[in-house]
Amino acid sequence: QVQLVESGGGLVQPGGSLRLSCEASGIAFSVYAMGWYRQAPGKQREWVAIITSGGSTNYADSGKGRFTISRDNSKNTVYLQMNSLKPEDTAVYYCNARRVARDYWGKGTLVTVSS
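Because the structure is predicted, anything quoted here is derived from the model rather than measured.

From N to C terminus, the protein includes zero helices and 11 strands. Each helix and strand of the protein, placed in order from N terminus to C terminus, yields the pattern β-β-β-β-β-β-β-β-β-β-β. Taking 2.2 N^0.38 as the reference for a compact globule, 115 residues should give roughly 13 Å; the C-alpha atoms of the protein span a radius of gyration of 13 Å, in line with that estimate. Here the protein, with 115 residues, has 41% of them falling under the buried criterion. Counting contacts in the protein only where the partners sit at least 6 residues apart, residues at least 24 apart contribute 54% of the total. Positive and negative side-chain charges in the protein, numbering 13 and 8 respectively, have mean positions lying 3 Å apart.

Scanning all chains against the criterion turns up five salt bridges. Between D89 and R66 there is a salt bridge, and its shortest N-O distance comes to 2.7 Å. Here D89, found in the loop between β8 (77-82) and β9 (91-99), pairs with R66, found in the loop between β6 (57-59) and β7 (67-72); they are 23 residues apart in sequence, far enough to count as distant. Judged by its relative accessible area of 1%, D89 falls in the buried class. A salt bridge links R98 to D103, with the shortest nitrogen-to-oxygen separation between them at 3.2 Å. Residue classification places R98 among the partly exposed positions, given a relative accessible area of 36%. Owing to a relative accessible area of 37%, D103 belongs among the partly exposed residues under this scheme.

The next point concerns the state of the cysteines. Here is the idea: a disulfide is a covalent bond, and it sits between the sulfur atoms of two cysteines. Scanning the entire structure with this criterion turns up one disulfide. Across the disulfide from C22 sits C95; the S-S distance is 2.1 Å. Note on the C22 and C95 pair: the S-S dihedral is about -80°, so by sign convention the disulfide is left-handed. Within this pair, whereas C22 is found in strand β3 (residues 18-25), its partner C95 is found in strand β9, the two being separated by 73 residues in sequence. Here C95 falls in the buried class, since its relative accessible area comes to 0%.

Across the sheet, four strands lie side by side as β1-β3-β8-β7; this open sheet has antiparallel pairing. Looking along the sheet, the strands with just one partner apiece sit at the ends: β1 (3-7) and β7. For this sheet, the mean angle separating the axes of adjacent strands, direction not counted, is 15°. Sheet analysis places β3 next to β8, joined by six bridges and oriented antiparallel.

Reading the values: the criteria
- Along each chain, residue indices are assigned from 1 in the same order as the chain's sequence is written.
- Given that this is a predicted model, residues contribute local features only at a pLDDT of at least 70 and side-chain atom pairs are listed and counted only at 80 or more, while totals for whole chains, interfaces and linings are drawn from all residues.
- No hydrogens and no water enter the side-chain calculation; it runs on all heavy atoms of the structure.
- Helix and strand assignments follow DSSP, with helices taken as H or I runs no shorter than four residues and strands as E runs no shorter than two, numbered in order from the N terminus.
- Our radius of gyration looks at C-alpha atoms and nothing else; its globule reference is 2.2 Å times the residue count to the power 0.38.
- Note on exposure labels: buried denotes an accessible area under 20% of the residue type's maximum, exposed denotes more than 50%, and partly exposed covers the range between, all computed with a 1.4 Å probe on protein chains only.
- Contact definition: two residues touch when any of their heavy atoms are within 4.5 Å.
- As used throughout, the charge tally considers Lys and Arg to be positive and Asp and Glu to be negative, leaving His and the chain termini uncounted.
- Here the site of a charge means atom NZ of a Lys, CZ of an Arg, CG of an Asp or CD of a Glu.
- For salt bridges, the criterion is a side-chain nitrogen of Lys or Arg within 4 Å of an Asp or Glu carboxyl oxygen.
- Our working definition of a disulfide is a cysteine sulfur pair at a distance within 2.5 Å.
- DSSP calls a pair of strands paired once it identifies at least 2 bridges connecting them.
- The axes used here are C-alpha line fits, helices contributing only the stretch in contact, and every angle between their N-to-C directions lies in the interval 0 to 180 degrees.

Written as structure tokens, this is what we have:
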């Protein structure tokens, strides 16, 4: 059974940092592209960042220069380091694992940026 479990969300002040983690089980983690998405209240889910199986990364404009995605294949875990957080970053953040026709999602972790 495939599981993606996110952690690390919480309440942070504007300008602060958080590191999200997503631990995967039930898949050959190293061959999957791993991504982070987010969904703010009343909005559609949007892509945030991706890291390929080879380690290449790409970011949505909203997170460029502030967010860093990384992976540790020995721990089956992908991370999202978020710095200089803004109130508009408030959302539920979801982890995604994708390979060819396979597409898996976690249940999300809530990030709230507020003073």
